[in-house]
Every structure is written in structure tokens, then in C-alpha cells.
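Residue strings, one per chain:
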Amino acid sequence: MLREGHEVSCLDEDPESHARLEVGLDRGWEDLGGQFTVGAGLETDALVAAGIEKADAFIASTDGDNTNIVIAQIAQRRYEVPTVIARILDPLRAEWYERQGMHTVCPTRVAIDMLETAVREGAPRGSAGPSNGSAEAA
Amino acid sequence: MYIIVIGAGKVGWNLARELLEKDHEVTVIESSRRRYLTVEQELEHNVSYGDASELWVLERAGIQRADMVIAVTGDDEDNMLICQVAKEKYDVERIIARVNNPRNKPHFDLLGIKPSVSATDLILRLLEHEVPEYGLVHLLDLQEEQLEIIEMLLGKDCGVTGRRVGDLQMPEGSLLISVLRQGKGFVPGPDTVLEVGDEVLAVLDPGHEEQLKALFGPGDGSGGNGVSGGG
């Protein structure tokens with residue numbers, strides 16, 4: 001999104017993750033206009049330092065469902081960010097929060113759908129696809 | 001009452017024990033297998049193993065018919081969301097959440113998780129209650145009802161001792177409701193004369209604390225630090 005010309009700000013607890021942002025970039029993250037803040041997503045000071053107050057979109061995609069759901073609601077209710085998206089691995093909760101008006105992305109659901117499609121398309125009956133054994137293992 | 005307690009740590013376990021003694025039906029949900037096995041030796045079928053963040057675990061524990069859900073895990077996000085789901089998805093009438101880090105308290109409020117209980121807050125209040133230097137103690141906040149109940153200890157330099165309650169210029173929206181004198185409590189009338197050492201309870205609309213402080217402060221009732229804010 002940075003390459004597309006958007007202003008992007010990342011918040012992470014781990015200072016080391018800054019290096020990951022620059023993988024595949026020809027210039028530094030900051031040189032390209034990116035921002036990086038070290039802090040916890042539940043700390044309002046950190047959110048403000050990362051620029052939540054002027055954000056048009058907010059994505060909560062830590063590795064914890066609960067953290068993402070809480071922070072997304074903070075972004076929505078307290079900072080009134082127009083577009084808020086939360087990554088939720090648990091399909092049941094993703095579905096429920098989606099119904100409550102939260103924009104969610106459920107990687108588990110996406111993976112299940114893709115795997116199902118791959119199985120159906122990759123091993124049609126009677127074709128010379130993968131052997132029965134590997135299809136069952138998948 | 002059917003009560004679901006989330007988290008079988010020291011708080012959850014002891015809470016469950018007390019509730020069971022009071023003849024409530026209780027299920028404790030614990031996500032650590034090891035802890036579950038320890039607690040299960042005593043609580044037997046009243047403890048269930050699983051991550052209460054997952055809806056099916058709550059449903060297996062019968063959340064649909066629960067009268068109350070108490071979330072006391074060591075993780076604030078868990079406590080918040082379990083209570084949110086209990087209240088909004090399963091229509092559980094009463095919820096109580098534990099706040100581990102007092103800095104997260106505003107998040108609980110933002111998500112409508114009430115009441116939330118913080119051990120730090122409780123100890124602070126107890127401290128204020130026990131240490132007389134803090135003259136004004138916040139006893140109860142009835143947020144929905146927009147009322148507060150506070151306690152004041154009348155010190156030697158207090159401006160109202162020796163005066164009749166009827167003569168006090170109590171701020172509008174406040175009322176003295178009881179006086180505790182030498183271990184005995186009574187409801188003051190207009191002729192009650194306040195004495196040094198009295199503990200006075202007042203009910204008031206929020207925001208009148210400063211006026212009360214000024215009235216019950218040292219000397220001529222012009223305020224000061226004889227009575228300090230709490231809560």
C-alpha cells in the first residue's frame with residue numbers, strides 16, 4: 001500500500017519487526033514515507049503516536065484474535081476511524097462480529113475455501129490427478 | 001442461580017468454592033490442562049476444560065441458561081470479550097469482569113463491560129478507608145443512576161464540628177445520610193451536632209465533591225486539604 005502511494009503507519013511491540021518491513025524494498029521504510037512505532041496496540045498512547053486520530057483506515061492484524069477484536073472496537077468507537085478491519089482466526093467469532101457490524105477477515109475461512117476448491121478442482125473423479133491417497137491426506 | 005466462572009486461578013477457584021457453598025450451580029472454565037486437572041480433583045464436574053474465548057466452549061458449559069458470567073482470567077482482552085459475547089450474543093443478564101491492568105479499565109467501559117473489578121482499585125480504596133489522612137472516601141459510584149456515595153472523617157480542624165446539621169449549607173444535590181460515632185451509626189436529624197471523629201456518609205450528584213470538600217474542610221469551611229478527594 002506504501003508503494004501505491006498511501007501513507008502507511010505500522011505499530012508493533014517488537015522493534016525488530018521494522019527490518020521485516022524493508023524486505024524487498026529498494027529504499028528504507030521511512031525514506032518511502034512509511035512510519036513505524038514501537039508499542040502495544042492496547043496502549044492508547046501508542047495508538048495516538050502511530051497516528052490513529054487521523055487514520056482513514058485501521059487494520060488490526062496481530063497474532064491474537066482477542067487483541068484484534070478489542071483494538072478494532074477501540075478504533076471504531078473511540079477514534080471513529082471510518083474503515084476498521086480485524087483479522088480473526090476463529091471462524092465462529094469472525095462470523096458473529098461480522099454480524100455485529102465489524103469488518104472482519106478470517107484467514108481460516110479463506111484457507112478452508114481455497115483448500116476445498118483445490119481438492120475439487122485438482123482431483124476430479126476419473127482424471128489423472130493426484131492419487132486417492134494424497135487427496136484424502138489433504 | 002447458574003453462574004459460569006472463567007479462569008480457575010486463585011481468584012476463580014476460591015470464588016467457585018464460595019459460590020458452591022452458597023448453593024449456586026457453578027461451572028468453572030479453565031484453559032490450561034494442568035491447572036484444570038488440579039482444580040478438578042476438588043471441584044469435580046463443576047470445572048470444565050477449554051478456552052472460553054471459543055463460543056462452542058461457552059455453549060458446552062450451558063451459557064444459554066446462565067444467570068451470570070464472571071470472567072477472572074489473567075488476560076484483560078479475554079475477560080472483556082468473554083463478557084461482551086456473554087452479554088450481547090447469549091443475553092446473560094449479569095456479567096462481572098476482572099481488570100488486571102488498571103490502564104485497561106477505559107477499554108472495559110468503552111465496550112460496555114460493567115461492572116469491572118480491579119484488585120488495584122480495591123486495595124487503593126481500602127487504603128483510603130484505613131488511612132485517615134484521606135478524609136473523603138469514594139464508597140460507591142452508581143454510574144447509571146448518576147449518584148455517588150462518599151464518606152468523610154471529621155478531623156480536629158474540620159469546619160463543621162460543633163455545628164447543627166440543620167445549620168449546614170449543604171450544596172444542592174447532596175444529602176447527609178448517616179453518621180458513624182464511636183462505632184455506632186445513626187441517621188442525623190437537623191438537631192444532630194457533628195463531633196470530631198464522626199464518620200459521615202453523604203449521597204450526592206456527581207461533581208459536587210469539591211463543594212462538599214470546601215464545606216467539610218478545615219477551619220471556617222473555606223476549603224483546604226483537611227478533606228481530600230478519593231476514588
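Everything below is about the structure printed above this text.
Computed from a predicted model, the values in this text were never measured in an experiment.

Turning our eyes to something else, we now look at the overall build of chain B. Helices and strands together make up the secondary structure of chain B, namely seven helices and 11 strands. In chain B, of all internal contacts separated by at least 6 residues, the share reaching a separation of at least 24 is 54%.

By convention, interface size is frequently given as the accessible area that disappears when the constituent parts associate. If you look at the interface, chain B gives 13 residues, while chain A gives 13 residues. Secondary-structure elements contributing two or more residues to the side of chain B that touches chain A are α3 (55–60), α4 (76–88) and α5 (105–110) of chain B. Top contributing element to the side of chain B that touches chain A by residue count: α4(B), with four residues. Within the side of chain B that touches chain A, the residues separate by chemical class into six nonpolar, three polar and four charged.

Residue and element names in this part refer to chain A. Ordered in space as β3-β4-β5, the three strands form an open sheet in which the pairing is parallel. Only two strands of the sheet have a single partner each, and these edge strands are β3 (57–60) and β5 (103–105). On average, each strand axis in the sheet is inclined to that of its neighbour by 20°, with strand direction left out of account. Bridge count for β3 against strand β4 (residues 83–87) is four bridges, and the pairing is parallel. Each residue of the ladder has a partner; that of Ala60, found in β4, is Ala86.

What describes two packed helices is the angle between their axes and the distance between those same axes. The interhelical angle for the contact between helix α3 (residues 65–78) of chain A and α4(B), taken along N-to-C directions, is 70°, at an axis separation of 9 Å. Put simply, α3(A) runs roughly perpendicular to α4(B). The hand of the α3(A)/α4(B) crossing is left-handed. Of the residues in α4(B), those in contact with A:Asn66, A:Thr67, A:Ile69 and A:Val70 of α3(A) are B:Glu77, B:Asp78, B:Met80 and B:Leu81.

Criteria and thresholds
Residues numbered from 1 in each chain as written. Chains lettered and ligands numbered in written order. Predicted model: local features only at pLDDT ≥ 70, side-chain atom pairs only at ≥ 80, totals over all residues. Helix = DSSP H or I, 4+ residues; strand = E, 2+ residues; numbered from the N terminus. Contact = placed C-beta atoms within 7 Å. Nonpolar A, V, L, I, M, F, W, Y, C, P; charged D, E, K, R; others polar. Pairing = 2+ DSSP bridges. Axes fitted to C-alpha atoms, helices over the stretch in contact; angles between N-to-C directions. Parallel < 35°, antiparallel > 145°, perpendicular 65-115°, else oblique. Left-handed = near helix turned anticlockwise from the far one by under 90°.

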